[in-house]
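For reference, the chains in residue letters:
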Amino acid sequence: MRIARFTTGEDPVFGLVDGAGEKIAEITGDPLYTKIELTGATHLVEDVRLLAPVIPRSKVIGIGKNYADHAKEMGGEAPAEPLMFLIPNTAVVGPGEPVVLTSLTSEVHYEGELAVVIGRLCKDIEPEEVSKVVFGYTCADDVTARDLQRGDGQWARAKGMDTFCPIGPWIETDLDPSALSIRTRRDGELVQDGTTADMVHDVATLVSHASKAFTLLPGDVILTGTPAGVGPVEGGQRVEVEIEGIGTLSNPFVRR
Ligand code: MG
């Protein structure tokens, strides 16, 4: 299933998107917490505004340097253990929403990533149990202020500023994440072209590792790292993250 959150001008609701990504069938509640029941209302995707498919209640967990080629382009090696950081939920925006670049930074990079959405409360789980707690997958752009990342000594501002965590366009619940093509385009130019098969630590390992440190709650999001090819993005440009089996997340960047 593809689960989207959207608005037609009223309060946000959830819906199931068809395979072509053209139609949405509205459902009654939040599918993270309630059984999926159709309301009978349907819309064309082009007639609604898609929103972030989930607003994490507690946290977005980021993973740094989880593709060897990206670790290399950043001037290092992939860490032996997954390197985790936290992004506040106020950084999350949906498809089509602008990423706002402020005067705090003059060097911002895109990072196309596969995002895991947690479906069940869990703690201390082993990799073999991870499929039971994953709700689904979506696309993410782990937008990063490289100047702040270098200067601050930790990554809270660099990756956690408002609008720096676009996710969407929807959550795909039926997906094997082990070998998916992941591509990023900046103003239409292909700038990242990787596969999730090249992750240093796979999804099961990452979720298990995170759960050893943090209780994971329904709606928590784990970003799984970016392939090689990160680079700058300026106000006025648009970044698209396309993942096989999910779809394309597209966001304009604006400078204020
Ligand atoms: Mg990243």
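Before reading further, recall that the structure is shown in the block above.
As the structure is a prediction and not an experimental result, all values here were calculated from the model.

Conventions and cut-offs
- Residues numbered from 1 in each chain as written.
- Predicted model: local features only at pLDDT ≥ 70, side-chain atom pairs only at ≥ 80, totals over all residues.
- Heavy atoms only, no water.
- Donors = N, O, S within 2.8 Å, 3.2 Å for Na, K, Ca; no water.
- Buried < 20%, exposed > 50% of the residue type's maximum accessible area, 1.4 Å probe, protein only.
- Pairing = 2+ DSSP bridges.
- Helix = DSSP H or I, 4+ residues; strand = E, 2+ residues; numbered from the N terminus.
- Polar contact = N/O pair within 3.5 Å; in protein donor to acceptor, adjacent residues only side chain to side chain.
- Contact = heavy atoms within 4.5 Å.

A. Local environment of the coordination of the magnesium ion. Ligation of the magnesium ion by protein atoms is provided by Glu111 (OE), Glu113 (OE) and Asp142 (OD), these donors lying 2.0 to 2.1 Å from the ion. Classification of Glu111 as buried rests on a relative accessible area of 4%. Residue classification places Asp142 among the buried positions, given a relative accessible area of 1%.

B. Fine view of the sheet that holds strand 10 (residues 108-110). Pairing within the open sheet is antiparallel, and its three strands lie in the order 13-10-18. The sheet terminates laterally at strand 13 (144-145) and strand 18 (231-232), the two strands that pair on one side only. Bridge count between strand 10 and strand 13: two bridges; the pairing is antiparallel. In the strand pairing of strand 13, His109 is matched with Thr144.

C. Summary view of the side chain of Glu111. In this structure, Glu111 sits in the loop between strand 10 and strand 11 (112-118). Of note is the side chain of Glu111, whose polar atom sits 3.2 Å from the side chain of Lys159. Among all residues touching Glu111, those that are not within four sequence positions of it are His70, Ala140, Asp141, Asp142, Thr144, Arg146, Lys159, Gln192, Thr226 and Val230.

D. Expanded view of unusual backbone geometry. Residue Pro169 follows Gly168 across a cis peptide bond; omega there is 10°. At Lys65, a residue that is not glycine, the phi angle is positive and equals roughly 50°. Residue placement: Lys65 occurs in the loop between strand 6 (60-64) and helix 1 (68-73). Positive phi, close to 55°, is recorded for Asp124, a residue that is not glycine. Note that Asp124 resides in the loop between strand 11 and strand 12 (134-141). With a relative accessible area of 45%, Asp124 lands in the partly exposed category.

Nothing here speaks to function; it is geometry throughout.
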